[in-house]
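# Notes for the structure review
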Amino acid sequence: MTAMAGALAPDERTSLERRVIVSASLAHAGTHALELVYAALLVRIGFEFGADLAMLGAVGNAGTLTFGLFALPSGWLVDRYGPRAVMTLSMGSAAAFALVVALSPNLWLLAASLTLLGAGIGLYHPAGISMVATVASRRGVALATHGVAGIVGIAFAPGVAIGIAIATDWRVAYVAFAALAAGVAIVVWQISPDYETAQRAAAESGRAEQATPPARRRATPPPPGGWFTRPLLVLYAAAIGVGFIYRGSLTFLAVHFERELGVSLFGWNAEAIAGATASLALLLAVIGLVTGGWLSDRIALERAILPYAVATPFFLFAMGGVGGVGLLLAATGFAICSWAQQPIMNGLIADYAPPGMVGRSFGVWFLLVFGVGSLASSVTGVVSERWGTGETFVVLAAVGVAVALLLLGVAQGAERRRAALEA
């Protein structure tokens, strides 16, 4: 975002940051709720259309691929027209396309409808996160709050969608979430700041960070070098692994719980227990977001992310080998460590972005996370069908090890640059 003349008054700044966080958080929750409805209803949709897990994974991949691909044009639109316009377009189009999904008469048209829905919600992330990351003065806390809203959408979507489907039909669940998206679109347009105001606030935040001594800065990015600095390229490589883990785990978490949890409760059937416990495990990821955001406001981002990145593959491996309460505990640990990385990683992308290209930098990031990473739906679908859902989480653990090694390399490079600046 380019600099604009004139500083915001303190009370105006406080009000602006509050509106930024509220509007982006609502849209984030709506985005992830719509994203997870299909995974929650996977088994019921399969029953209606006579499809196995491999086919259902491929159909889901149609929507998750465009979810990632449309991050790239979103980043360009954000830098040109501003976050508010893009967030409103995202939620409005998602509402319309969710209704199209509900009307799909066969598996092929369902895949086409999910493709459109994925494109709609895929516009959100570069817009919302670039606005929060560049405007908020306490960026770690703001990004954590934004992430908590996403967790709420992810955590409640399985339980709510399955509950509606049990009471009525899976199509009605999509209609309900379409109404949610339409309401969010209206609120975002009403309270989110216009483009020029957001630009001014972002310029002020950037000037304040540059005035901070090197030892106390929130990150140590490399000198300006456009898109091809080594640390930024390494972060983008890590994005593919992050997206693979994210998509693979969320697509088959509820199904894995249904098959392996083995817990009886209040006479509920296995499907209802799986949806409720998956929601519980994901909801506890709020702990990770809060600690990750808190830590990223206190120590260098490159250091803050390492303990969570190292712990994530251990919990994934445990999820593939245990059942019952052990599975629930391992899934909770994974959710906490995985989501704690979100505010830290978003801060790194904002700081390492080429000057004036924060929106496009997040566009590339989410293209890799949600686009390339979406291939996990097909890959893990094949693994789950042939060897079982447990083996899927073992594969994701191996990917997690690779991500941790890449982030260790970024941290080591930052330490060298920080030492040179302080010398």
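One can find the structure itself at the top, above this paragraph.
Bear in mind that the values here come from a model prediction, so they are computed numbers and not experimental data. (Residues numbered from 1 in each chain as written. Predicted model: local features only at pLDDT ≥ 70, side-chain atom pairs only at ≥ 80, totals over all residues. Heavy atoms only, no water.)

For the rest of this paragraph, the subject is the environment of V43. With respect to the element layout, V43 can be found in helix α2 (residues 42-49). With 10 residues separating them in the primary sequence, V43 and L53 have C-alpha atoms 8.4 Å apart. The residues touching V43, leaving out its near neighbours within four places in the chain, are V255 and E258. (Helix = DSSP H or I, 4+ residues; strand = E, 2+ residues; numbered from the N terminus. Contact = heavy atoms within 4.5 Å.)

Along its 29 residues, helix α8 (residues 139-167) runs 42 Å from first to last C-alpha, staying within 8% of the 42 Å computed at 1.5 Å per residue. Where α8 bends most, the angle comes to about 35°, and this point is A157, followed within four residues by the proline P158. (Expected span 1.5 Å × (residues − 1). Bend = angle between axes of the 7 residues up to and from the residue.)

A few words on the side chain of R417. Tracing the backbone through its elements, the reader meets R417 in helix α19 (residues 389-422). At 3.0 Å, the side chain of R417 and the side chain of Y352 are in polar contact. Excluding its chain neighbours within four sequence positions, the residues that come into contact with R417 are T220, P221, P222, P223, P231 and Y352. (Polar contact = N/O pair within 3.5 Å; in protein donor to acceptor, adjacent residues only side chain to side chain.)

On to a nonpolar patch on the surface, then. A contiguous nonpolar surface patch, about 290 Å² in accessible area, is contributed by V152, F156, V160 and L283. A total of 3 residues in the nonpolar patch trace back to one element, the largest contributor, which is α8. Examined against the element boundaries, V152 turns out to sit in helix α8. Taking relative accessible area as the criterion, V152 reaches 34% and is therefore assigned partly exposed. (Patch = residues over 30% accessible without salt bridge, like charges linked within 9 Å, V, L, I, M, F, W, Y side chains within 5 Å. Areas by Shrake-Rupley, 256 points an atom, 1.4 Å probe, with all protein chains shown as cover. Salt bridge = Lys/Arg side-chain N within 4 Å of Asp/Glu carboxyl O. Buried < 20%, exposed > 50% of the residue type's maximum accessible area, 1.4 Å probe, protein only.)

Take the packing of aromatic side chains next. Within this structure, the stated rule accounts for 5 aromatic pairs. Summarising the aromatic geometry, the rings of F362 and F366 are spaced 6.2 Å apart at their centres and angled 20° between planes, so their arrangement reads as stacked. Residue F362 and its partner F366 are both found in helix α17 (residues 358-371); the two are separated by 4 residues, about one turn of the helix. In textbook terms, an aromatic cluster arises when at least three aromatic residues are bridged by ring pairs, as seen for F49, W170 and Y174. (Phe/Tyr/Trp six-rings, centres within 6.5 Å; stacked < 30°, edge-to-face > 60°.)

Remark: helix α1 (residues 10-40) packs on helix α9 (residues 170-191), axes separated minimally by 10 Å, with the N-to-C direction vectors making an angle of 160°. As judged from the angle between their axes, α1 and α9 are roughly antiparallel. For the element pair α1 and α9, the recorded crossing hand is left-handed. Where α1 abuts α9, its residues R19, V22, S23, L26, A27, A33, L34, V37 and Y38 lie against Y174, F177, A181, V184, V187, V188 and I191. Counted by class, the contact of α1 with α9 contains 14 nonpolar, 1 polar and 1 charged residues. (Axes fitted to C-alpha atoms, helices over the stretch in contact; angles between N-to-C directions. Parallel < 35°, antiparallel > 145°, perpendicular 65-115°, else oblique. Left-handed = near helix turned anticlockwise from the far one by under 90°. Nonpolar A, V, L, I, M, F, W, Y, C, P; charged D, E, K, R; others polar.)

Scope: geometric values only; no functional claims are made or implied.
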